[in-house]
Amino acid sequence: MANKPIRHQPKPRSQDVSSTDIVSSIVTKIEQLTPGLQAYSIRELVTAASNFGPYLRNQRLETNQIRKFLDAINRVKANLIEEDITTEGDRKITQKQFSDIEDDIVLLKPKLAYAAARQRAAEPLSKVISAAIDKVHSFEDFNRLVQLIESTIAYHKAAGGK
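Residue numbers restart at each chain and count upward from 1, following the sequence in its written direction. Two thresholds apply to this predicted model, a pLDDT of at least 70 for residue-level local features and 80 or more for giving and counting side-chain atom pairs, whereas whole-chain, interface and lining totals are computed over all residues. Note that the side-chain values use all heavy atoms of the structure and ignore hydrogens as well as water.

What follows deals with the overall build of the protein chain. Numbering goes from the N terminus for both helices and strands, where a helix is a DSSP run of H or I of at least four residues and a strand is a run of E of at least two. Along its length, the protein chain carries seven helices and two strands. When the helices and strands of the protein chain are listed from N to C terminus, the series reads α-α-α-β-β-α-α-α-α. Categorising residues by exposure relies on relative accessible area from a 1.4 Å probe, with only protein chains included: less than 20% of the type maximum marks a residue as buried, more than 50% marks it as exposed, and the intermediate range marks it as partly exposed. Counting all 162 residues of the protein chain, 38% fall into the buried class. Working rule for contacts: check all heavy atoms of both residues, and any pair within 4.5 Å makes them a contact. In the protein chain, the share of contacts with a sequence separation of at least 24, taken over all contacts with a separation of at least 6, comes to 71%. Computed with the Shrake-Rupley method and a 1.4 Å probe, the accessible areas treat only the protein chains shown as cover for residues. Surface accessibility of the protein chain: about 10,500 Å² in total, with carbon and sulfur atoms responsible for 49%.

See below:
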């Protein structure tokens, strides 16, 4: 009886190690930003999203899960400008104060926590976006949050996310 060579199975790639590195590096960077999220340079943000989006896809997080948060943020964004119709029928647009939408932004964190509790693949998204929300203290910070989510969705989709 001939000895068959022992075939070694390739070691599974540990996505947890790389994911921990990706998620923790983004969270650490965000936590170090002063005065707020607006200090996240757009080049660094895009680089982070280019790694984070494909990672989320590899975790089988569906695009619609990420889009739910973008949709919630877009609703907050829409509330930034309210229209008042004057008696003559002219439109008058008034700008709201950041404090008018701050509660809505902070209340996104429990939604993220709920999504992460229901679907483990949403946990990294929850960690990163929650850290980013903690750094939103102005309209400029809020706009950077929108850019972070939009960039993440774009790279998630580009990596084949569904």
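There is more to say after this.
Moving on: the pattern of salt bridges. For this analysis, a salt bridge means a side-chain nitrogen from Lys or Arg found within 4 Å of a carboxyl oxygen belonging to Asp or Glu. Counted under the stated rule, the structure contains three salt bridges. One salt bridge connects K29 with E44, and the closest N-O pair in it is separated by 3.3 Å. Taken together, the residues span a long stretch of sequence, with K29 in helix α1 (residues 15-31) and E44 in helix α2 (residues 42-58) at a distance of 15 residues. Here E44 falls in the partly exposed class, since its relative accessible area comes to 36%. The partner of D134 in a salt bridge is K109, with the nearest N and O atoms 2.6 Å apart. Residue D134 is located in helix α6 (residues 123-134), and its partner K109 is located in helix α5 (residues 108-118); the two are separated by 25 residues in the primary sequence.

Burial of nonpolar side chains together is a common tendency in soluble globular proteins. The set of buried Ala, Val, Leu, Ile, Met, Phe, Trp, Tyr and Cys residues whose side-chain atoms join them within 4.5 Å is what this entry labels a nonpolar core. With 42 residues, the main nonpolar core has I30, F52, V128, I129, F142 and L145 as its most contacted residues. At the level of secondary structure, the elements contributing two or more residues to this core comprise α1, α2, α3 (63-78), α4 (99-106), α5, α6 and α7 (139-158). When neighbours within four sequence positions are excluded, V128 is seen to be in contact with V23, I26, V27, I30, F52 and L148.

The subject of this paragraph is the packing of α3 against α5. The relative placement of two packed helices comes down to the angle between their axes together with the axis-to-axis distance. To obtain each axis, a line is fitted to C-alpha atoms, and for helices this fit is confined to the stretch in contact; angles are then taken between N-to-C directions over 0 to 180 degrees. The N-to-C vectors of α3 and α5 enclose an angle of 165°; their axes lie 11 Å apart at closest approach. Of the possible angle classes, the one that applies to α3 and α5 is roughly antiparallel. The hand of the α3/α5 crossing is right-handed. For the pair α3 and α5, contact is made by F69, A72 and I73 and by L108, K111, L112 and A115, respectively. Convention used here: angles under 35 degrees read as roughly parallel, angles over 145 as roughly antiparallel, angles from 65 to 115 as roughly perpendicular, and any remaining angle as oblique. Two helices crossing with the near one rotated counterclockwise from the far one by less than a right angle form a left-handed crossing, whereas a clockwise rotation gives a right-handed crossing.

Moving on, we get to the side chain of T63. Inspection of the secondary structure puts T63 in helix α3. Whenever two N or O atoms come within 3.5 Å, that pair is a polar contact, provided that in protein one can donate a hydrogen and the other can accept it, and provided that, for residues adjacent in sequence, both atoms are side-chain atoms. At 3.1 Å, the side chain of T63 and the side chain of H156 are in polar contact. The contacts of T63, once residues within four sequence positions are left out, are I153, H156, K157, G161 and K162.

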